[in-house]
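Structural overview
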Amino acid sequence: MPQPITATNDFVVKFANVNGSGSASANGLFAKSILRMGVPIASRNIFPSNIQGLPTWFEVRVCEAGHMGRRGGVDMMVAMNPQTWDRDVAEIEPGGYLFYDSTRPMPKSKFRDDITVIGCPLTEITNNAYSDPRQRQLFKNIVYLGALSALLDMEVEAVKAAIAAQFKGKEKLVPANYAALEMGRDWAIQHLSCPIGLRLRRADAVGDRIFTDGNAAAALGAVYGGATVCAWYPITPSTSLAEAFERYCGRLRKDPETGAKRYAIVQAEDELASIGMVVGAAWNGARAFTATSGPGISLMQEFLGLAYFAEIPAVVFDVQRAGPSTGMPTRTQQSDLLSAAYASHGDTKHVMLLPEDPTECFEFGATAFDLADRLQTPVFVMLDLDIGMNDWLCEPFKWDPNRRMDRGKVLDAAALDAAKTFGRYLDVDGDGIPYRTWPGTHPEKGAFFTRGTSRDRYARYTEDGGPYVDNMQRLLKKFHTARLLVPHPIATPAKEKARDGVIFYGSTSAAMREALVALQAQGIHLDAMRIRAFPFHDDVAEFIAGHERVFVVEQNRDAQLRTLLVTELGIDPARLVPVLHYDGTPITARFIQSAIAERASAANVLPFRKATP
Amino acid sequence: MSYLPKPKLHHPKLPTNAIGLTRRDYEGAISTLCAGCGHDSISAAIIQACFNLSIPPHRVAKLSGIGCSSKTPTYFLGAAHGFNSVHGRMPSVLTGAYLANRDLIYLGVSGDGDSASIGFGQFAHSIRRGVNMTYIVENNGVYGLTKGQFSATSDLGSVAKKGAVNTDQPIDLAAIAVQLGATFVARSFSGDKEQLVPLIEAALLHEGAAFLDVISPCVAFNNHPGSTKSYDYVREHNEALNRLDVMVPRETITASYRPGEVTEVTQHDGSVLRLRKLRTEHDPTNRASAMHHILERRAAGEIVTGLIYVEPEPTALHAHLGTVPQPLNALGDAELCPGVDALEKINAALR
């Protein structure tokens, strides 16, 4: 047997559970207890499209160094699901640990001899302590939390504090949970050799960071951004965004005297109606959004073209999942970039924001409304399941108290009276952005007819080619203006002069940063650029021009960002080397490191070319 | 060029309404529909109704989908904002607009293809949500812009211009609106201005989901023998339930009525709907009876017109949602942004 792994504040624990067994709450407590010890963690749910019965996993990466990406590999498996036993046991690193419920004996063939096996009769303990079947099930999770706290040398006070926080408002439940915790902890101390090689030690590495999910953060961004209308249709993994908006609005957006709502949320009959309501509300001067995922984006295509052509601000949060079709609805991908960037028939281009974590989900969630109003066009905020549905340790939300909504070029009655002329699609300022009016503004001036059919600069219907082309060119100009207004890319130069560069975005960022450190240790130096929006800022083209090759790291099959770079910036495809991960699990630093090292290490490496027929 | 502005000149002695506007002030651009199209008569009825009610034109938002009917908002209320949206999707756009500003009057114009086929779902859901709107379907039983295909409201056995016979069951949008909980349902005929104008007035005053199915013959593709939506057929089979007069609260009632049963329904805004009943067994405030009556008369081969159902005290979506009385689009930073202190509390709770 290899030496058991020894590591302090740097290991991965994975919980294998049955969906609907109440494990999520206990696993969350495990994660939060570690944070309370000042040790950073990155946690991820891997869950099925199911309410009860199918396998679900929760992975906690403990990392004092602060790497927030998924590492890959498992040092300790908490195997609570007989259905997935074999694959769970197989996933443990050599020298790793297996924790399981030993109430029922398992044949020796079900174990491995290169790992440490730790049995704890959880069912027996809970069956003895509780008579109610539901209690037996729920407290079993807390009992294993107690056992783990002893095995991993966790501070019991930190776990208790996490329990107290979890049951805030339901204090009656706290003593029973403490008791179950102690039950597991005592049993482990008496029967097992505690602690094992994997240990936690109090640190001061969490700072003032917060622990939250991207969907809730984006929803809070929408609240701060002044959104008043939310129309949505339930779809995994975006549902919790609309629900978080409702929750935050309930707390933050009611008239303090009357309790009346300063917001309207409608669960529509489908995604077509959702985006239709958003378009109608935004046309009429409210800040409106919808939250959806890939299949919803497909359904919204016609309306998105209308909003582009009729120039209506609309904000769409796309929490991406694995496609095509229903694909893997509970697995993550960055595979809607192309369908969002060019959504709808005809020539269209849309603004996309690419947040890397919940902090940016909040920031971009608010900024999206300013951009949509300023640019009078749909703006996509491209989350994915990994950012949207997992809790991330990230920088606290910030808000400038002097910040005000930018409603863009809207003429009120006084402005209409003062204006010499009003043409809805006149490019008065030379930036491609016209002025608009809201319905009901002025008895005689400023009314116009909004349509998806071609029209002249004064919104008068026409099927003449000249005015049509004139309008389409102005829309291009507006899109060119957008590149300066959207969040700029962030470049991180290598420590030493680098021939090659790497471009990445969104939820890949944490794993990428870790991979850069590892690659550097291998002697592979890369200048890095994190892209935060589409259209691309001029810095992106400059960055690519400054390197022989640029790796483009993405979580989709077809290198969608690379396609956008090639198409929009006219880059020679041979210079952009795709690094692609798309099995539905979050990309890992190990994957990126090995994929890049393989191509970058050999001095006589041939330029990578996309294999096209 | 299919945008034809009308000359602004008009006779100096044209009558004005309570807000000093003439009927011409409620007009739009010149229609580009076929001469004799029923839809133009409906546009004229909308103009007359808005003029009669002295509605400031710019306080109306007129929305439509795609099709001949959906072109018509260009031809009335030129001072109002209009939105010619996506085929079958007017209801969702109108719902969103209404959410943004509850103070405007929302007039949705649609057709039978737009509402009974591609937009059947959106029609249904906007009605059942109780959006405060007037939803007019200009129903000709045929796809006009694509030249004469049957629509989902075409009657069974109806014959197309080129001879094809419709073998599918028709959708009766008015009956479905009653079933869906519309608080105002009426049917009329574009060729009967006397009936249509007061119904539009009543619908505009109704503070809930008001639905009007207006049979509007298509002179190009559905006005021949064998069609059940031709001028001749509708005139022969029109079974009017009642004749309506609408009195807004400030008007004194001066009209005189012929003998017969008269029912008054006071709407929430105080307007009085005075119904001269032509069929005494029909009670327009009873949903079940309204439904029964439509089905019964349909079985007898008649087209029931008039005010079919009205709920005098309707509620609408904003009330269901519990929103503030001000339009949401009028709220500013102070009302919408919770500020730095609230954010700090949220941060603290997430640690």
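Residues numbered from 1 in each chain as written. Chains lettered and ligands numbered in written order. Predicted model: local features only at pLDDT ≥ 70, side-chain atom pairs only at ≥ 80, totals over all residues.

Chain B appears in an unreviewed UniProt entry as 2-oxoglutarate ferredoxin oxidoreductase subunit beta from Neoroseomonas alkaliterrae.

Within an unreviewed UniProt entry, the label attached to chain A reads 2-oxoglutarate ferredoxin oxidoreductase subunit alpha, and the organism entered is Neoroseomonas alkaliterrae.

Focus: the sheet that holds strand β11 (residues 262–266) of chain B
Residues and elements named next belong to chain B. The strand order across the open sheet built from three strands is β10-β12-β11, with neighbouring strands paired in antiparallel fashion. Edge strands, defined here as strands with exactly one partner in the open sheet, are β10 (242–247) and β11. With strand direction ignored, the average angle separating the axes of adjacent strands in the sheet is 20 degrees. Where β10 lies against strand β12 (residues 272–277), six bridges are found, and the strand directions are antiparallel. Across the sheet, residue Val-246 finds its bridge partner in β12, namely Leu-273. (Pairing = 2+ DSSP bridges. Helix = DSSP H or I, 4+ residues; strand = E, 2+ residues; numbered from the N terminus. Axes fitted to C-alpha atoms, helices over the stretch in contact; angles between N-to-C directions.)

What to know about the domain arrangement of chain A
Interfaces are often sized by the accessible area lost when the parts come together. All names here are of chain A. Structurally, chain A comprises domain 1 (7–199), domain 2 (212–394), domain 3 (413–485) and domain 4 (490–600). Taken together, the contact between domain 1 and domain 4 spans eight residues of the former and nine residues of the latter. Here the side of domain 1 that touches domain 4 is composed, by residue class, of two nonpolar, three polar and three charged. (Domains from an automatic or database assignment. Contact = placed C-beta atoms within 7 Å. Nonpolar A, V, L, I, M, F, W, Y, C, P; charged D, E, K, R; others polar.)

Let's talk about the UniProt feature "domain: Thiamine pyrophosphate enzyme TPP-binding" (unreviewed entry) in chain B
Under the local residue numbering, the UniProt record ascribes the feature "domain: Thiamine pyrophosphate enzyme TPP-binding" (unreviewed entry) to residues 66–214 of chain B. Taken as a whole, residues 66–214 of chain B contains 36% helix and 23% strand, while its terminal C-alpha atoms sit 17 Å from one another. (UniProt positions renumbered as here; feature names shortened; annotations may be inferred.)

Considerations on the packing of helix α6 (residues 173–180) of chain B against helix α9 (residues 287–299) of chain B
All names here are of chain B. Close contact between α6 and α9 brings their axes to 10 Å; oriented N to C, the two are set at 160 degrees. The angle between α6 and α9 places the two elements in the roughly antiparallel class. In this structure, α6 crosses over α9, and the sense of that crossing is left-handed. Between α6 and α9, the residues in contact are Ala-174, Ala-175, Val-178 and Gln-179 and Arg-287, Ala-290, Met-291, Ile-294 and Leu-295, respectively. Partitioning the contact of α6 with α9 into residue classes produces seven nonpolar, one polar and one charged. (Parallel < 35°, antiparallel > 145°, perpendicular 65-115°, else oblique. Left-handed = near helix turned anticlockwise from the far one by under 90°.)

Regarding the packing of helix α1 (residues 23–36) of chain A against helix α5 (residues 156–166) of chain A
Residue and element names in this part refer to chain A. Two elements in contact, α1 and α5, have axes separated by 8 Å at closest approach and are oriented at 120 degrees. By the criterion of interaxial angle, the relationship of α1 to α5 is oblique. In this structure, α1 crosses over α5, and the sense of that crossing is right-handed. On the side of α1, the interface is formed by Leu-29, Lys-32, Ser-33 and Arg-36, while α5 contributes Ala-158, Val-159, Ala-161, Ala-162, Ile-163 and Gln-166.

Some details on the interface of chain B and chain A
Between chain B and chain A, the contact holds 50 residues from the first and 57 residues from the second. Every element with two or more residues in the side of chain B that touches chain A is listed here: β2 (81–84), α3 (90–100), α5 (120–129), α11 (333–336) and α12 (339–349) of chain B. Sort the elements by how many residues they give to the side of chain B that touches chain A and α3(B) lands first, with eight residues. Class assignment for the residues of the side of chain B that touches chain A results in 26 nonpolar, 19 polar and five charged. When strand β17 (residues 449–451) of chain A meets β2(B), the two strands line up parallel, connected through three bridges. The residue bridging A:Phe449 from the neighbouring strand is B:Gly82, located in β2(B).

Some remarks on the environment of A:Cys63
Residues and elements named next belong to chain A. Mapped onto the fold, Cys-63 is located in strand β4 (residues 55–63). Taking the C-alpha atoms as reference, Cys-63 lies 49 Å from Ala-310; in sequence the two are 247 residues apart. Residues contacting Cys-63, with those up to four places away along its chain left out, are Asp-10, Pro-40, Ile-41 and Ala-42.

Topic: the environment of A:Gln555
Residues and elements named next belong to chain A. Within the secondary structure, Gln-555 sits in the loop between β22 (549–554) and α19 (560–569). Gln-555 sits in the buried class, given 27 other C-beta atoms within 10 Å. In this structure the C-alpha to C-alpha distance between Gln-555 and Gly-506, which are 49 residues apart in sequence, comes to 9.5 Å. Once residues lying within four places of it in the same chain are set aside, the contact partners of Gln-555 are Thr-332, Gln-333, Gln-334, Thr-508, His-581, Tyr-582 and Ile-587. (Buried ≥ 20, exposed ≤ 12 C-beta atoms within 10 Å, placed from the backbone.)

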